[in-house]
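# Summary of structural features
Next come the chains, spelled out residue by residue.
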Amino acid sequence: MSASPASPAAPVAPHPVGVVLVGCGAVARLFYQPALRELARHGVLRPLAVVDPVPAARERLARALGAAPCADLAAALGLGAELAILASPPRFHREQAEAAFAAGLDVLCEKPLAATGADAEAMVVAARSSGRLLGAGHYKRFMPTHRALRHLIAHETFGPLHSLEIAEGGKFAWPAATDSFFRREQTPGGVLLDIGVHVLDLLLWWLGEPLEYTYADDARDGLEANCRLDAVFPRCPRVSVRLSRDGATPDVHVFRFAHATIHSRVNASNRLELTLDGLPMTFASELREPLPDRAAPPTAALETNPQAFLAQVADVCTAVATRREPFVTGASAARAVRWIEACYARRSVLPEPWQTAGSDPLPPSAP
């Protein structure tokens, strides 16, 4: 890892950590499989088993990782692993985490940490009482852009943050194995719980707890495809969030400071666009290692989006091997789950142009 603002410690692997991967869906195939293979190549971890009730899914991923295919978690817990990575649907996270803790394993749990705030808190308590570690899959905190923005907000480099506008999402295109994303009996939330959990986690990490907020969505009798959250924070008086899974958005976070405006494009892990007040142009800059004071060749670029994901897994393995807290703890991730639950409890109906005369469509064409 690099030494950029608020960067987690560089990974150290005294020994390869034995890993069980639970769940062989899209996030496991697209994200965890390449990350585990790369970290195994560097001696950071050893994939020991993959767990999934679907034979074809577990056998395919087991072959790719050189691990044992297991139909259930109980069969994998006796293989000598130290870390369980939960990439299963959220409704299973609490039960699986508690089983892993009871067997002496630490846990990295994919987002959202749990289906409910009560389950999230129970997982945190179970980790603490068993003396195990609970990390959460909020890899976006590892992105250099997000670490840099946290630094700029905290140090008021460009003055106080006056407003933050977030517009994120698009037509749902995740290669999900089932339709559970759209069934209320399978998941308690729609777009806010899906992509919004990353957004809310970042807001809490950047700004602390909100002083007040309002929330509206289009769930009606189903799961929301669009939502709107407006909040006030001690460090920012105006935060607006627009999320969609059925319409195009600008996919950008706009930070308006007293003396500058920064555009952070979604998943542009190491690139920011900076406009300084009074300057009739914008810097579109790749984030790199700091230059020394003296003249020197260009420094290396900081982490890309896939590298940020890999960095999180490496960080948790280091935490397991050295018995320190992971950079993103379960306790900190539980805050976003509780906030989402609170939003749902106080939801109002999102105005829809075909339902309400004179209302504005969501999302806007630009933040």
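Let us look at the structure shown here. (Residues numbered from 1 in each chain as written. Predicted model: local features only at pLDDT ≥ 70, side-chain atom pairs only at ≥ 80, totals over all residues. Heavy atoms only, no water.)

This brings us to the pattern of salt bridges. Once the charged atoms of two side chains with opposite charge are near each other, the side chains can pair. Taken as a whole and judged by the stated rule, the model has 21 salt bridges. The residue Glu286 makes a salt bridge to Arg288 at a minimum N-O spacing of 3.0 Å. For Glu286, a relative accessible area of 37% gives the class partly exposed. What emerges from the salt-bridge pattern is a single network uniting Arg94, Glu98 and Asp119. (Salt bridge = Lys/Arg side-chain N within 4 Å of Asp/Glu carboxyl O. Buried < 20%, exposed > 50% of the residue type's maximum accessible area, 1.4 Å probe, protein only.)

Attention now moves to the packing of aromatic side chains. Per the stated rule, a full pass over the model turns up twelve aromatic pairs. When the ring of Phe31 is compared with that of Phe309, the centres are 5.0 Å apart and the planes differ by 55°; the resulting orientation is tilted. Of the two residues, Phe31 sits in helix α1 (residues 26–41) while Phe309 sits in helix α9 (residues 305–322), which places them 278 residues apart along the sequence. Taken together, the ring pairs in this structure connect Phe31, Tyr32, Tyr139 and Phe309 into an aromatic cluster. Positioned over the ring face of Tyr213 is Arg346, at 4.0 Å from the centre of the ring. (Phe/Tyr/Trp six-rings, centres within 6.5 Å; stacked < 30°, edge-to-face > 60°. Helix = DSSP H or I, 4+ residues; strand = E, 2+ residues; numbered from the N terminus. Lys NZ or Arg CZ within 6 Å of the ring centre and 35° of its normal.)

The subject of this paragraph is the side chain of Thr261. Mapped onto the elements, Thr261 comes out in strand β12 (residues 260–265). Residue Thr261 is classed as buried on the basis of its relative accessible area, which comes to 16%.

Between its first and last C-alpha atoms helix α8 (residues 196–207) spans 16 Å; for twelve residues at 1.5 Å apiece the expected length is 16 Å, and the two agree. Among the twelve residues that make up α8, twelve are buried, leaving the element largely enclosed by the rest of the structure. Three or more residues of α8 are buried, namely Gly196, Val197, His198, Val199, Leu200, Asp201, Leu202, Leu203, Leu204, Trp205, Trp206 and Leu207. Gly208, located one to two residues past α8, shows a positive phi value of around 85°. (Expected span 1.5 Å × (residues − 1).)

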